[in-house]
Structure formats: C-alpha cells, structure tokens
Amino acid sequence: MAPSHVLKCCQKVLAWVPVAFIALVVAWSYYAYVVELCVFTISSTAEKVVYLVVFHLSFFMFVWSYWKTIFTSPASPSNEFCLSKADKEQYEKEERPESQQEILRRAAKDLPIYTTTASRAIRYCDRCQLIKPDRCHHCSACDICVLKMDHHCPWVNNCVGFSNYKFFLLFLMYSLLYCLFVAATVLQYFIKFWTLCHRKAAENCPQNELPDTHAKFHVLFLFFVAAMFFISILSLFSYHCWLVGKNRSTIETFRAPTFRNGPDKNGFSLGCSKNLREVFGDEKKYWLLPIFTSLGDGCNFPTRLVIMDPEQLTVSSQNEPAKSSGANQSFPTRPLSESQNRLLASDSQWVESGPEEENVKSGAKKHIIVSLES
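Keep in mind the model is a prediction, meaning the values are calculated, not measured.

Draft legend 1. Representation of the packing of aromatic side chains. Counted according to the given criterion, the structure contains 27 aromatic pairs. Relative to Phe223, the ring of Phe190 lies with its centre 4.5 Å away and its plane at 25°, an arrangement referred to as stacked. In this pair, Phe190 sits in helix H6 (residues 165–201) while Phe223 sits in helix H7 (residues 215–246), placing the two residues 33 residues apart along the sequence. What links up through ring pairs into an aromatic cluster is the set Tyr30, Tyr33, Tyr51, Phe55, Phe59, Phe62, Tyr66, Phe168, Phe171, Tyr178 and Phe181. Directly above the ring of Phe268 sits Arg135, whose terminal nitrogen or CZ lies 4.4 Å from the centroid. The cationic tip of Arg135 hangs over the ring face of Phe301; the distance from NZ or CZ to the ring centre is 5.0 Å.

Okay, structure coming up:
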C-alpha cells in the first residue's frame, strides 16, 4: 500500500511539471518585455506607454483564461445516472452480459440518452459505476467520468470538457494574441540587436546604435520564443475552432458517436451558429471573458432530430397521444431540455445540410419541425 501511495504522489507532482514550465516561460517573458525591452531599451515615452498598456491587457486575459482552464474542476454526471443500490447489487451478481444490459436498459429508459456503444449496448462505466451520459467519457488520468470530455491536456494538468472547454479555447486565443503582440513589437529591436551583433563581430559598429547591454539577449530570445509558441498554438487553435463549428469533441472526431440510426460524426451538429452558442452562450458580451456561459447541463445535448429513425417515430406515435397540431404525430420519445429548446426553437434553419438528410423521408422532416415549432 505504501509504495503505491508514494507512486501516486509522485505522479501527481510530476503532472504539474508542464504547468510549471509554462509558468516560468510566461514569468520570464513578462520580465524580458517590461523591464529589458520597455524600461532599458525603448527610449520613446509614448511608445513605452502604448506597449505597456496593450501588453498588460493581453497578459491579464491570457493568465486569467489559463488559470480558469487549470483550476476549473471537470464536471461529472449527476446522481440520476448512478444505479440504485438494488440495481447495482443485481448488476454485480449477474454474470451474463445480456442480463447486465437488461438491468442497464431498465435504469436508462427515462434518462436523456441517445447514444450507445458500437455494439448497441448501454454505455456504462464500471470504474465510476454509472451510466454514461451522451458525450461523457472516463479519464484515466483524473480517474473520473467527465461530461463532454474533449481530451486530457498535460499543459493544464486537467481534463478539457464541458466545464472548461470555453476557457480552454480562450486560453488558446489569448496566448496567440499575446505571442503575436510580443513578436510584432519586439521585431524591430530584434533586427537592430541582431544587426548590432553582426556589425560588432565585423568591427564596423556605428556609434548611434542601441546600447550593447545584456538586454539584447533577452530581446533576441523573446522574439524566438514568441514566434515558436505562436506557430505551434496556431495549428491547435485552428483545429479546435473547426471542432466548435462542427460541434465535435476530439474523441468524437476519431470515434463517431453511435445513435439509433448508426454512427454519425455530425449527430450533435445544429449548424455553425448554434454550435458556437452551445459553447459560448447566448450573450455575446460574455464570449471573450473566461466566465462560464455554455448552454445546457453537460448531461444531455440537442441532436439532429431530423435524421431520427422513421421507425422511432412510428413507435412513438403508437405509444403516445398526438401533440402536434396539423400532423397526427407525437414528439420524440425523450423530451427536450430547456437548453435544447433554446437552441432549436430560435429559427427555422436549425440544421446543417448534408448527405445524411437526403435519405430521410420528407414526412418525418415535416413532422419534427412542426412539432418543435408548435
């Protein structure tokens, strides 16, 4: 027990090494820019003031979003997804997978779950002993089930998921702006110092150049580090912007979620505008601030209901009374949550067009749109 406990403690400590590295680089960049560049190198007072104001604004937003990404706890499924004591005991006693699945189906019949495993089984976490909500996955590093898990990021030592995905995107964006601003404003002094070093080596250094102090080393390295981080972060930020537009997580990109009508990588996509609002919220004034504004509760998400199985509509209409005016059909088997209604009921064009929709019967499309608008 003792060696295992020591090993876990060592793993927790080592997990903070990437975060400590980023913190040291950021602290050094602050010193190099504010002290070595603005105080000791730049002679124009107006230029100093402008640089320092813009720098501190971008630095503050960058650190704020990074802090929120690191220290926001990953959201876990609510208690309604946990098995009752009786079901849990029965599940553990059963040895046949078919009997276990029957227990899970009974427990999940009233839950807002639309996805299954590839083999059409209920998604269940034996480690956390709960039925997984849609888009929820177990993180082996955090040892918990994380709602809308995207990935576990070692650079923030945290899981990126429903609770902090917006913060992670803002962290990438503000780190890009921070690196871009530093590289752009340092460039002219980088060129002057670089030229000074070469001319001095050739013993042809003019007297009116920048002073030959240790500031030149900070300025030279500051430009290289800012440019290197900008290039590396740009690809990652672009990739996640694409994911937001498609309403996918990194996990769903490699393994499409399985719905009633089969795997569908675009199953949660409602169109670019609504996908964006699902992550950043309805109020645009809060989009650029690292405060939580994402829609929903992380346990259930709007789906592209227009591609719902026609068989499901038939079963639904047989088991429930008709609720829509103008069509003798019923609502989907599971009611939409408040967050889903806010996303789906704002305008009529609420789905992306794609090859999947061409195979759906027009009657099913008409029914669902009329049902949602009624």
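Following the structure, the description resumes.
Draft legend 2. Inspection of the pattern of salt bridges at higher detail. Considering all chains together, one arrives at 6 salt bridges under this definition. The partner of Glu252 in a salt bridge is Arg135, and the shortest N-O contact between them spans 2.8 Å. On the criterion of sequence distance, the pair formed by Glu252 in helix H8 (residues 250–254) and Arg135 in the loop between strand S2 (130–131) and strand S3 (137–139) is long-range, its members being 117 residues apart. Take Arg135: its relative accessible area is 3%, and that puts it in the buried class. Between Arg277 and Asp282 there is a salt bridge, and its shortest N-O distance comes to 3.1 Å.

Draft legend 3. Just the packing of H7 against helix H9 (residues 272–280), in detail. The contact between H7 and H9 brings their axes to 7 Å, and the two run at 110°. Comparing the axis directions of H7 and H9 gives the class roughly perpendicular. On H9, the residues that touch Val244, Gly245 and Lys246 of H7 are Cys272, Asn275, Leu276 and Val279. Tallied by class, the residues present in the contact of H7 with H9 amount to 4 nonpolar, 2 polar and 1 charged.

Parameters at a glance
- Residues numbered from 1 in each chain as written.
- Predicted model: local features only at pLDDT ≥ 70, side-chain atom pairs only at ≥ 80, totals over all residues.
- Heavy atoms only, no water.
- Phe/Tyr/Trp six-rings, centres within 6.5 Å; stacked < 30°, edge-to-face > 60°.
- Helix = DSSP H or I, 4+ residues; strand = E, 2+ residues; numbered from the N terminus.
- Lys NZ or Arg CZ within 6 Å of the ring centre and 35° of its normal.
- Salt bridge = Lys/Arg side-chain N within 4 Å of Asp/Glu carboxyl O.
- Buried < 20%, exposed > 50% of the residue type's maximum accessible area, 1.4 Å probe, protein only.
- Axes fitted to C-alpha atoms, helices over the stretch in contact; angles between N-to-C directions.
- Parallel < 35°, antiparallel > 145°, perpendicular 65-115°, else oblique.
- Contact = heavy atoms within 4.5 Å.
- Nonpolar A, V, L, I, M, F, W, Y, C, P; charged D, E, K, R; others polar.

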